[in-house]
Amino acid sequence: MTEREPDPYRPPAARSGASWALPAVLVLAVAAGAGWWFWWRPAHAPVAAPAATAPAPAAAARASEPASAPTQAASGPQNPVDGLAAPAPSLPALADSDAYVAKSLNELLGAQKVASFLQLDGFVRRAVATVDNLGRHTATSRLWPVQPTPGRFQVEGPEEAATQTIAPANAARYSAFVAFAEALPREGVVKLYAQLYPLFQTAYEELGYPGKYFNDRLVAVLDQLIATPEPQGPLQVKLTHVQGEVPSTRPWVRYEFADPQLQALSSGQKALLRMGPENARRLKAVLRDLRQRVATGGAVPAKPVR
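Let me sum up the structure you'll find in this document. (Residues numbered from 1 in each chain as written. Predicted model: local features only at pLDDT ≥ 70, side-chain atom pairs only at ≥ 80, totals over all residues. Heavy atoms only, no water.)

1. Some remarks on the side chain of Gln 269
The criterion, for reference: Strands are runs of DSSP state E lasting at least 2 residues, helices are runs of H or I lasting at least 4, and numbering of each runs from the N terminus. Under the scheme applied here, a residue whose accessible area is under 20% of the maximum for its type counts as buried, over 50% as exposed, and between as partly exposed, the area being computed with a 1.4 Å probe on protein chains only.
Note that Gln 269 resides in helix 9 (residues 267-274). By relative accessible area, Gln 269 is classed as buried at 8%.

2. Quick word on the sheet that holds strand 4 (residues 255-257)
Put simply, the rule reads: Only strands that DSSP links by at least two bridges are regarded as paired with each other.
One open sheet accounts for 4 strands, arranged 1-2-3-4; its pairing is antiparallel. Two strands bound the open sheet, and with one partner strand each, they are strand 1 (155-156) and strand 4.

3. Re helix 5 (residues 175-182)
Definition in use: Directions pointing from the helix axis toward each C-beta atom define the arc.
Residues Phe 177, Val 178, Phe 180 and Ala 181 constitute the buried set of helix 5. All buried residues of helix 5 project into a common sector of 160° when viewed along the axis, lining one side.

4. Focus: the packing of helix 7 (residues 214-226) against helix 10 (residues 277-294)
What describes two packed helices is the angle between their axes and the distance between those same axes. This is how the line gets drawn: Only the stretch in contact is used when a helix axis is fitted, and all axes are lines through C-alpha atoms; the angle between N-to-C directions ranges over 0 to 180 degrees. By definition in this entry, angles of less than 35 degrees are roughly parallel, angles greater than 145 are roughly antiparallel, angles of 65 to 115 are roughly perpendicular, and the rest are oblique. A clockwise turn of the near helix away from the far one marks a right-handed crossing, whereas an anticlockwise turn of less than a right angle marks a left-handed crossing. Should any heavy atoms of two residues lie within 4.5 Å, those residues are considered in contact. Amino acids are sorted into nonpolar (Ala, Val, Leu, Ile, Met, Phe, Trp, Tyr, Cys and Pro), charged (Asp, Glu, Lys and Arg) and polar (every other residue, Gly among them).
Two elements in contact, helix 7 and helix 10, have axes separated by 10 Å at closest approach and are oriented at 150°. Taken together, the axes of helix 7 and helix 10 are roughly antiparallel relative to one another. When the axes of helix 7 and helix 10 are compared, the crossing they make is left-handed. Seen from helix 7, the contacting residues are Asn 215, Leu 218, Val 219, Leu 222, Asp 223, Leu 225 and Ile 226; seen from helix 10, they are Lys 284, Leu 287, Arg 288, Arg 291 and Val 294. When its residues are assigned to classes, the contact of helix 7 with helix 10 shows 7 nonpolar, 1 polar and 4 charged.

5. Observations concerning the pairing of strand 3 (residues 236-239)
Pairing between strand 2 (residues 164-166) and strand 3: 2 bridges, direction antiparallel. When the bridges of strand 3 are listed, Thr 165 appears paired with Gln 236. Sheet topology note: the strand 3/strand 4 ladder contains 3 bridges and is antiparallel. Paired with Val 237 across the bridge in strand 4 is Phe 257.

6. Points about the packing of aromatic side chains
Note the following rule: Any Phe, Tyr or Trp ring, taking Trp's six-membered ring, that has another such ring centre within 6.5 Å forms a pair; planes under 30 degrees apart are called stacked, those over 60 apart edge-to-face, and the others tilted.
Counted by the stated rule, this structure contains 9 aromatic pairs. Taken together, a centroid distance of 5.6 Å and an interplanar angle of 80° make the contact between Tyr 193 and Tyr 197 edge-to-face. Taken together, the residues span about one helical turn, with Tyr 193 and Tyr 197 both in helix 6 (residues 186-207) at a distance of 4 residues. Accessibility assignment for this pair places Tyr 193 and Tyr 197 in one class, buried. Ring centres 4.5 Å apart and planes at 35° place the aromatic pair Tyr 204 and Tyr 209 in the tilted group.

7. Re the pattern of salt bridges
Test applied: We define a salt bridge as a contact between a side-chain nitrogen of Lys or Arg and a carboxyl oxygen of Asp or Glu at a distance within 4 Å.
Scanning the entire structure with this criterion turns up 12 salt bridges. Of the charged contacts, one joins Glu 278 and Arg 281 as a salt bridge, the two residues approaching to 2.4 Å between their closest N and O atoms. One end of the pair, Glu 278, and the other, Arg 281, are both in helix 10, 3 residues apart, so they sit about a helical turn from each other. Among the residues examined, Glu 278 registers a relative accessible area of 42% and is labelled partly exposed.

8. Here we look at the packing of helix 4 (residues 123-134) against helix 6
For the pair helix 4 and helix 6, the least separation of the axes is 9 Å and the interaxial angle reads 60°. Judged on the interaxial angle alone, helix 6 and helix 4 are oblique. The handedness of the crossing between helix 4 and helix 6 is right-handed. Contact residues: helix 4 offers Val 124, Arg 125, Ala 127, Val 128, Ala 129 and Asp 132, while helix 6 offers Leu 199, Phe 200, Ala 203, Tyr 204, Glu 206 and Leu 207. Looking at the contact of helix 4 with helix 6 residue by residue, the class counts come to 9 nonpolar, no polar and 3 charged.

Function-wise, these values are silent; they only describe arrangement.
Right, dumping it as structure tokens:
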């Protein structure tokens, strides 16, 4: 079987049986960019294709069964954004929002940084899909609102060994993006998120969650990331086997954690682990601050498991 990435758009058919907000979207997306080589696997079957009328990137798919499903629909949002800032007047429709959102991001963050780190086409849909998928087992790279991390995943140890360890040098690949996340003007970013929130909410409903609220999903995923385990010592990884006669030309996308408990974590949690303990610690500090700003419901996140 040749490697191909599942079509990411549209949710799968019903089964029987942040910006994140801008900041959070960006920082969660940092984790996404940090692990772009790792999240998709050849074994995953493609999900349903987008409708012909859907814009690109259209309603993004949930890549697999949720690791942390959205809460059941309630009478109203658990974390309303009304108190953060009023929606911007005369917001464009979601399908026509790229230029408006790009202008807003460039004014807030600077055009050079935006061009270096962000994917602006379909940014709102990308951000919403990424946030939702970071709480699941897999997330498709084609929808991330950030540029991929440069270089390849680095490991140490004999190639013929059953397991190898993540190389300490691998963490350096993420240093520029971590610094970018730490430097985000969080008050301004949260204000912009609230001003653009109707677009995020529309994209979330379009994704397949009518009657549910994107900011509640954002807070839930932030809580999950903040609670990511903090294992001690080098992390062991192993290569998965590729079935079929066609050889894999990108073996670095097939690493998984040797510890089944770590491999069972959500895609966002695994990305934090892969980028190294110091980078993960710094990003968690940013995520905690952002959560405090957008979690208007006020519940305290769980402590990480060591």
